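Coordinates in review
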Amino acid sequence: MNNTVKGTIESIDQMIDFIETLDDSDYQFCAAPWLESSIGQHLRHIVDLFLALVNQERDKAVDYEFRRRGASIEISRTTGLLELRNVRAWMNQIESEDIERPIRVLTEVSISSEQTEIFNSTFGRELCFASSHLTHHLALMAVIAKIAGKSVDPALGRAPATATHVRNQLQEAACAP
């Protein structure tokens with residue numbers, strides 16, 4: 001299995017483990033005025049990114065503007081976990097040759113008006129983007145959970161490079177006289 005696929009599955013598993021610790025109230029909690037979206041809304045966004053890759057037709061661009069705002073995944077923790085597990089199952093079907101497959105990506109590029117661009121990329125690069133974006137949103141979800149009074153693992157939402165840094169720091173501390 002490709003390292004990007006393995007790493008993405010690790011991140012998805014971390015998100016599943018976190019969501020399983022919540023109840024529906026925690027999942028729907030909005031930490032306004034600090035953050036405007038609930039944990040469920042963040043999860044929906046992440047699943048939508050992965051669904052853009054899952055549903056990509058080989059001759060069409062990946063459409064990152066596909067959003068299901070207001071869908072039941074935003075308020076139902078059970079639906080969120082189901083959809084996240086479906087993405088995880090799809091990850092296990094990715095073949096090594098898929099990673100280097102060229103694709104095109106459609107995305108909005110302006111906040112002042114609707115402007116979209118299409119870029120050339122590879123499936124692996126976009127999978128890496130979705131995984132990195134998942135990590136970023138998992139860190140935001142951790143903040144929301146903390147504001148709601150939940151105890152959260154400090155490693156939740158930690159980027160791979162930061163995780164490596166922390167491991168190295170711990171190893172150096174263990175070796176210090």
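The rules we used
- Residues numbered from 1 in each chain as written.
- Predicted model: local features only at pLDDT ≥ 70, side-chain atom pairs only at ≥ 80, totals over all residues.
- Heavy atoms only, no water.
- Helix = DSSP H or I, 4+ residues; strand = E, 2+ residues; numbered from the N terminus.
- Expected span 1.5 Å × (residues − 1).
- Buried < 20%, exposed > 50% of the residue type's maximum accessible area, 1.4 Å probe, protein only.
- Contact = heavy atoms within 4.5 Å.
- Polar contact = N/O pair within 3.5 Å; in protein donor to acceptor, adjacent residues only side chain to side chain.
- Axes fitted to C-alpha atoms, helices over the stretch in contact; angles between N-to-C directions.
- Parallel < 35°, antiparallel > 145°, perpendicular 65-115°, else oblique.
- Left-handed = near helix turned anticlockwise from the far one by under 90°.
- Core = buried A, V, L, I, M, F, W, Y, C linked by side-chain atoms within 4.5 Å.
- Pairing = 2+ DSSP bridges.
- Phe/Tyr/Trp six-rings, centres within 6.5 Å; stacked < 30°, edge-to-face > 60°.
- Salt bridge = Lys/Arg side-chain N within 4 Å of Asp/Glu carboxyl O.

1. Regarding helix α1 (residues 3-20)
With 18 residues, α1 ought to run about 26 Å at 1.5 Å a step, and its terminal C-alpha atoms sit 26 Å apart, in line with that. Within the span of α1, buried status applies to V5, T8, I9, S11, I12, M15, I16, F18 and I19. Where the residues of α1 are buried, they touch α2 (24-28), α3 (39-54), α4 (77-91), α5 (96-99) and α6 (123-147). The N-cap residue of α1 is N2: its side-chain oxygen and the backbone nitrogen of T4 are 2.6 Å apart.

2. Section: the environment of L84
Mapped onto the secondary structure, L84 falls in helix α4. For L84, a relative accessible area of 1% corresponds to the buried category. Spatially, the C-alpha atom of L84 lies 9.9 Å from that of I73, the residues being eleven residues apart in sequence. Setting aside residues no more than four positions away along its own chain, L84 makes contact with I12, M15, I16, L43 and V47.

3. Overview of the packing of α1 against α3
Two numbers describe how α1 lies on α3: the axes approach to 13 Å, and their chain directions differ by 155°. Put simply, α1 runs roughly antiparallel to α3. The element α1 and its partner α3 pack so that their crossing is left-handed. Contacts between α1 and α3 pair T8, I12, M15, F18 and I19 from the former with I39, L43, I46 and F50 from the latter.

4. A short note on the nonpolar core
Counting 43 residues, the largest nonpolar core has F18, F50 and L127 as its most contacted members. Taken together, the elements giving at least two residues each to this core come down to α1, α3, α4, β2 (102-108) and α6. Once residues lying within four places of it in the same chain are set aside, the contact partners of F18 are I39, L138, M141, A142, A145, V152 and L156.

5. Brief notes about the pairing of β2
When strand β1 (residues 62-63) meets β2, the two strands line up parallel, connected through two bridges. Bridging from a neighbouring strand, V62 pairs with V105 of β2. Here β2 pairs with strand β3 (residues 116-122) via seven bridges, running antiparallel. Looking across to β3, one finds that R104 is bridged to N120.

6. Details of α3
The first and last C-alpha atoms of α3 sit 22 Å apart over 16 residues, in line with the 22 Å expected at 1.5 Å per residue. Burial analysis of α3 places 14 of its 16 residues in the buried class, which makes it a mostly covered element.

7. Side note on the sheet that holds β1
Across the sheet, which stays open at both edges, the three strands sit in the order β1-β2-β3 with mixed pairing between neighbours. Lying at the two open borders of the sheet, with one neighbouring strand each, are β1 and β3. In the packing of α6 onto the sheet, contacts are made with β2 and β3, and the angle to β3 comes to roughly 110°.

8. Concerning the packing of aromatic side chains
Given two aromatic rings, their pairing is described by the distance between the two centres and the angle made by the two planes. For the coordinates displayed, the defined rule picks out two aromatic pairs. Consider the rings of W90 and F123, whose centres lie 6.0 Å apart with planes at 75°: the pair is edge-to-face. Remark: F123 occurs in helix α6 and W90 occurs in helix α4; sequence separation between them is 33 residues. Take W90: its relative accessible area is 16%, and that puts it in the buried class. Classification of F123 by relative accessible area gives buried; the value is 3%.

9. Some points on the pattern of salt bridges
Between side chains of opposite charge, a pair can form when the charged atoms approach closely. Considering all chains together, one arrives at seven salt bridges under this definition. One salt bridge in this structure joins R88 and D13, with 2.4 Å as the shortest N-O distance. Of the two residues, R88 is situated in helix α4 and D13 in helix α1; the sequence distance between them amounts to 75 residues. Residue classification places R88 among the partly exposed residues on the basis of a relative accessible area of 26%. Take D13: its relative accessible area is 26%, and that puts it in the partly exposed class. D48 is the partner of R44 in a salt bridge, and the nearest nitrogen-oxygen pair spans 3.0 Å. In this pair, R44 and D48 both sit in helix α3, four residues apart, roughly one turn of the helix. The exposure class of R44 is buried, given its relative accessible area of 6%. Among the charged side chains, a network of salt bridges with common partners joins R44, D48, R68, E74 and E83.

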